[in-house]
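# Remarks on the overall topology
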Amino acid sequence: MAPTAEPDLARLLLQTGNGDEASFTELYRSTSARVFGLVRRIVVDPAISEEVTQEVFLQVWNKAAEFSPHLGSPMAWLMTLAHRRAVDRIRSEQAHRDRLNRWSETEVGTPFDEVTESVMARDESLAVRAAFGALTDKQRQAIEMAYYRGLTYAQVAEALEAPLGTVKARIRDGLGRLRSALDPDSSLAS
């Protein structure tokens, strides 16, 4: 059996640069194993190596028109693209790990104080209950229906047999009173 002739990679690249899909397919078949091999040696992880190889050939499809046979061989051009893309991926992965490590050192390293959290939650609960005491019965009823039972303003108006505008005003005024009771400084900013 006679050995198959090596395809003219320069011609395939130039035709790919003109949008010839058949030439791109032949170029891919002829060179993808070597490109993947280089990427795999740099990246190591097989799945990431496959992704990087795919990115390289996407770049080849988009940039083949920039290839100049006078500046170097087609294989050298492809391997340069592959090497750069693989190194970029390694750097990107390392930068991601570094960011994650910095975040985990600052966020996860902070101890959680359950006692303080439960005391603060209890204090907030007591403050909300006390603030509800500052509301009129109609305001409290409208807010409870809207926020604790999940009714719409229209449903609250229907349940209370009150005009929609009146219910909206009760809720708005009640929420304003709650805000003032929970944060007295908020009334100064308004």
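Higher on the page you've got the structure.
Residues numbered from 1 in each chain as written. Predicted model: local features only at pLDDT ≥ 70, side-chain atom pairs only at ≥ 80, totals over all residues. Heavy atoms only, no water.

## Some details on the side chain of Arg89
Applicable threshold: Only DSSP runs of H or I reaching four residues or more are called helices, and only runs of E reaching two or more are called strands; each is numbered from the N terminus. Three exposure classes are used, based on accessible area relative to the maximum for each residue type with a 1.4 Å probe and protein chains only: buried under 20%, partly exposed in between, and exposed over 50%. The contact criterion used throughout is that any non-hydrogen atoms of two residues lie within 4.5 Å.
The topology assignment puts Arg89 in helix H4 (residues 74–107). A relative accessible area of 14% places Arg89 in the buried class. Contact partners of Arg89, with chain neighbours within four places excluded, come to Ile48, Glu51, Val52 and Glu55.

## Points about unusual backbone geometry
Positive phi outside glycine occurs at Val44, with the angle close to 80°. Tracing the chain through its elements places Val44 in the loop between helix H2 (21–43) and helix H3 (46–63). In this structure, Glu161 takes a positive phi of about 55° despite not being glycine. Along the chain, Glu161 falls in the loop between helix H7 (153–160) and helix H8 (164–182). Glu161 gets classed as exposed once you look at its relative accessible area, which sits at 75%.

## Quick look at a nonpolar patch on the surface
For clarity, the threshold we go by: Patch membership requires more than 30% relative accessible area and the absence of a salt bridge. Residues of like charge join within 9 Å; the nonpolar side chains Val, Leu, Ile, Met, Phe, Trp and Tyr join within 5 Å. Only the protein chains shown count as cover for residues, and the accessible areas themselves come from Shrake-Rupley with a 1.4 Å probe. By definition here, a salt bridge exists when the distance from a side-chain nitrogen of Lys or Arg to a carboxyl oxygen of Asp or Glu is within 4 Å.
Together, Val128, Tyr147, Tyr148, Tyr153, Leu164 and Leu182 line one region of the surface with nonpolar side chains, adding up to about 580 Å² of accessible area. If you list the elements that add at least two residues to the nonpolar patch, you get helix H6 (137–148) and H8. Within the element layout of this structure, Leu164 appears in helix H8. Assessed through its relative accessible area of 36%, Leu164 is described here as partly exposed.

## Focus: H6
Condition: What a helix should span is 1.5 Å times the count of its residues minus one. Regarding the arc, it is the one traced by the directions from the helix axis to the C-beta atoms.
The terminal C-alpha atoms of H6, which comprises 12 residues, lie 15 Å apart, in line with the 16 Å expected from a rise of 1.5 Å per residue. Among the residues of H6, Gln139, Ala142, Ile143, Met145 and Ala146 are the ones counted as buried. Down the axis of H6, the buried side of the element spans an arc of 165°, and every buried residue falls inside it. Of the residues in H6, the exposed ones pointing more than 90 degrees away from the buried face are Asp137 and Tyr148.

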